[in-house]
Amino acid sequence: MKNQVQSNQNPSAQLLLKKLDVLIEINKAVSRSLKLNDSLEACLKILQESYNIHSGAIFIVEDNNTVRLVASIGLKVPQNEDGRIMTGGLTNKVINTGKPITVPQVSKEPLFLNQFQTWNKAEDGELSFFSVPIALDYKTYGALSICLPFKKKRDYETTRDFFFLVASALLQPIRVADVIAAERKKLMDENTLLKHKLEEKFSFHNIIGNSHEMQEALEKVAQVARANTGVLLRGESGTGKELFAEAIHYNSNRKKQPFVRVNCAAIPENLIESEFFGYEKGAFTGAEKRKPGRFEVANGGTIFLDEIGDLSLQAQIKLLRVLQEKQFERVGGNETIDVDVRIIAATNANLEDLIEKGKFREDLYYRLNVYPIYLPPLRERKTDISLMADHFMLEFAKKHKKPIKRISTPAIDMLMSYHWPGNVRELKNCIERAVLVCEDQVIHSYHLPPTLQTAESSNTQTKMSLEDSVASYEKEIIQDTLKSTRGNQAQAAPLLDSTARIIGYKIDKYNIDVDRFKN
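Mind laying out the overall build of the protein, listing which residues take part and the relevant values?
Of regular secondary structure, the protein possesses 21 helices and 17 strands. Expected size for 519 residues packed as a compact globule is a radius of gyration near 24 Å; at 38 Å, the protein overshoots this value by more than 25%. Projected onto its principal axes, the C-alpha coordinates of the protein cover approximately 120 × 70 × 45 Å. With 519 residues in all, the protein has 41% of them scored as buried. Here the analysis covers contacts within the protein between residues at least 6 apart in sequence; of these, 67% occur between residues at least 24 apart.

So, in structure tokens, the structure goes:
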């Protein structure tokens, strides 16, 4: 019945219905795939099959204003990318002006360059060329160019308008692809910037310390960083083992690959295997989907095993196999997975004592102890304390938006005399607390924690009278001012709203060494 109705319609109505069907099919095609090239190729194929086009091409304007061929049918397209760039010709003119071009007979148009060998007059006969812009709000995203067999009685204006509608259907996927490409570029730029910042953050230059012990440790790190050798970092808790591990990774050839941290002491024994090696779906209750383990995630990069001495003997056996064979299986799986991972282990335990007690495997110890690096405690590198204190002061002053500029001399003396059982971590926390309670531009001794002021932790607490307390404070203020004036008493006196004679008297009274400030 439908065919009978259509047969009774005039040719113009039938052509209109045909065009409408073509537009519906094109809209379906471009909505079917998120891949821009697939959508555009599907559109041209529909035009060829349903509208009998001789050839067609879709061009996109790239960020650098290059016009590139991205989809075609009936053209001889070069394989190399440079060959797909449109230079000059009618299509470029359409894109530059934003206005369509219709050429009834291409043989009579000198600007029809036939760049992609669209036309062979001997084989194809005469062709008509149509090119319309793909544009929105005065912005041209590209162009649709079509060649049709020449027909003298063709309604060229109606045909051009039809191709305008086709170009409008292509606008949405092109804009979506444009947005996705911009977001992808933004993410890649942010990722590149983040990696650059990480490399800067974990550069050897950012590890603070000029003591002999620290320089020796840094020299070893520099030697081993670019190798694939495993490293064992040894030292007390809080000495910066993780910082050194990060510095080794981000200065190695693996710096663009993952750096995965694992705190062995924080993982329950019954979860060690699934955390290390992952598990398959259904491996145990609650395993609803496959999960990769830390070694699989770190493939190609570095895995940092902190507190390695706390691993159980059973876990040590499984770790040893990965180190020796570079293979493992997920929990509940049979597939053997190859892995290329650099191991950096760290511990504050005495592994030799653990081996004697049977709590640490000797073969694993020798496998890990290829290149040991000892990180000295803070009490063994006193000269680094003031450097790190200044660094942390500036860091936390910026973080908490405080106008703090320096640390007073008595406060530094107090930091230098403390034994720092918590090492760098304790010093960092101490300075952050001092920054928080400080309300002026200088951190004084009374801003430091009570443990440093009264030596509570060492049970050397002493009582101090009011007179002694005032004298102690007065001495600190004079020392701090002398530091500012480089030991010049004449300059220090007016700063303290006093006279040079009184300041000289106080210096003698409190036995202050002025010479120490002159340098």
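Don't stop here, the text continues.
I'd like a rundown of the nonpolar core, residues and numbers included.
Core analysis: the largest hydrophobic core is formed by 34 residues, its most contacted members being Ile 26, Leu 47, Ile 58, Leu 144, Phe 163 and Leu 170. Elements represented by at least two residues in this core include exactly helix H2 (11-32), helix H3 (36-51), strand S1 (55-61), strand S2 (67-73), strand S5 (127-136), strand S6 (139-149) and helix H6 (156-201). Examining the composition of this core, we find that nine residues originate from one element, H6, more than from any other. Formed by 31 residues, the second largest nonpolar core is a distinct cluster that contains Cys 264, Ile 267, Ala 298 and Val 339.

Help me get a handle on the packing of aromatic side chains, residues and values and all.
Within the structure shown, the criterion is met by 17 aromatic pairs. Both rings, one in Phe 392 and one in Phe 396, keep their centres 6.5 Å apart while their planes meet at 35°; by these two values the pair is tilted. Of the two residues, Phe 392 and Phe 396 are both situated in helix H14 (residues 385-399); the distance of four residues between them amounts to about one turn of the helix. What makes Phe 396 buried here is its relative accessible area of 2%.

Tell me about empty space enclosed by the protein, residues and numbers included.
Under the definition given, this model contains two cavities of 30 Å³ or more. In terms of lining, the second largest cavity is formed by Phe 295, Val 322, Leu 323, Lys 326, Val 339, Asp 340, Val 341 and Ile 343. Residue classes in the lining of the second largest cavity are distributed as six nonpolar, no polar and two charged.

Break down the pairing of strand S14 (residues 342-347) for me, with residues and values.
With six of six residues buried, S14 is to be regarded as a mostly interior element. The alternating pattern of S14 places Arg 342, Ile 344 and Ala 346 on one face and Ile 343, Ala 345 and Thr 347 on the opposite face, and all of these are buried. Here four bridges tie strand S7 (residues 231-234) to S14, and the two strands are oriented parallel to one another. Within S14, the position partnered with Arg 234 by the bridge is Thr 347. Sheet analysis places strand S11 (residues 302-306) next to S14, joined by four bridges and oriented parallel. If you follow Ile 303 over to S14, its bridge partner there is Ile 343.

An account of the packing of helix H15 (residues 409-417) against helix H18 (residues 466-484) is needed here, citing residue identities and associated values.
Direction vectors running N to C along H15 and H18 enclose 105°, while the axes themselves pass 8 Å from each other. Between H15 and H18, the interaxial angle falls into the category roughly perpendicular. Counted together, Thr 409, Pro 410 and Ile 412 of H15 and Glu 476, Gln 479, Asp 480 and Lys 483 of H18 form the full contact between these two elements.

Parameters and conventions
- Each chain has its residues counted from 1, following the order in which its sequence is written.
- Where local features are concerned, this predicted model is filtered to residues with pLDDT of at least 70; where side-chain atom pairs are given and counted, the filter is 80 or more; whole-chain, interface and lining totals use all residues.
- As a convention, hydrogens and water are excluded, and side-chain values are obtained from all of the structure's heavy atoms.
- Under the scheme used here, helices are H or I runs from DSSP no shorter than 4 residues and strands are E runs no shorter than 2 residues, and both carry numbers assigned from the N terminus.
- Only C-alpha atoms enter the radius of gyration, while the globule expectation follows 2.2 Å times N to the 0.38, with N the number of residues.
- Three labels apply to residues, based on accessible area from a 1.4 Å probe with only protein chains included: buried if under 20% of the type maximum, exposed if over 50%, partly exposed otherwise in between.
- Note on contacts: a residue pair is in contact if any heavy atoms of the two residues lie within 4.5 Å.
- Joining through side-chain atoms within 4.5 Å is the link that ties buried Ala, Val, Leu, Ile, Met, Phe, Trp, Tyr and Cys residues into a set, and such a set is a nonpolar core.
- Between 30 and 60 degrees the pair is tilted, below 30 it is stacked and above 60 it is edge-to-face, where a pair is any two Phe, Tyr or Trp rings, Trp via its six-membered ring, whose centres lie within 6.5 Å.
- Cavity and pocket criteria rest on a 1 Å grid covering protein atoms alone: a 1.4 Å probe that fits but cannot get out defines a cavity, protein on both sides within 12 Å along at least 5 of 7 lines defines an open pocket, and an atom within 4 Å of a point defines a lining residue.
- Grid points are joined across faces, edges and corners, and a volume is the space filled by probe spheres set on the points.
- Asp, Glu, Lys and Arg are counted as charged, while Ala, Val, Leu, Ile, Met, Phe, Trp, Tyr, Cys and Pro are counted as nonpolar; the rest, among them Gly, fall into the polar class.
- At least two DSSP bridges between two strands are needed for those strands to be called paired.
- Axis definition: a line fitted to C-alpha atoms, limited for helices to the stretch in contact. Angles are taken between N-to-C directions and run from 0 to 180 degrees.
- An angle below 35 degrees is treated as roughly parallel, one above 145 as roughly antiparallel, one from 65 to 115 as roughly perpendicular, and anything else as oblique.

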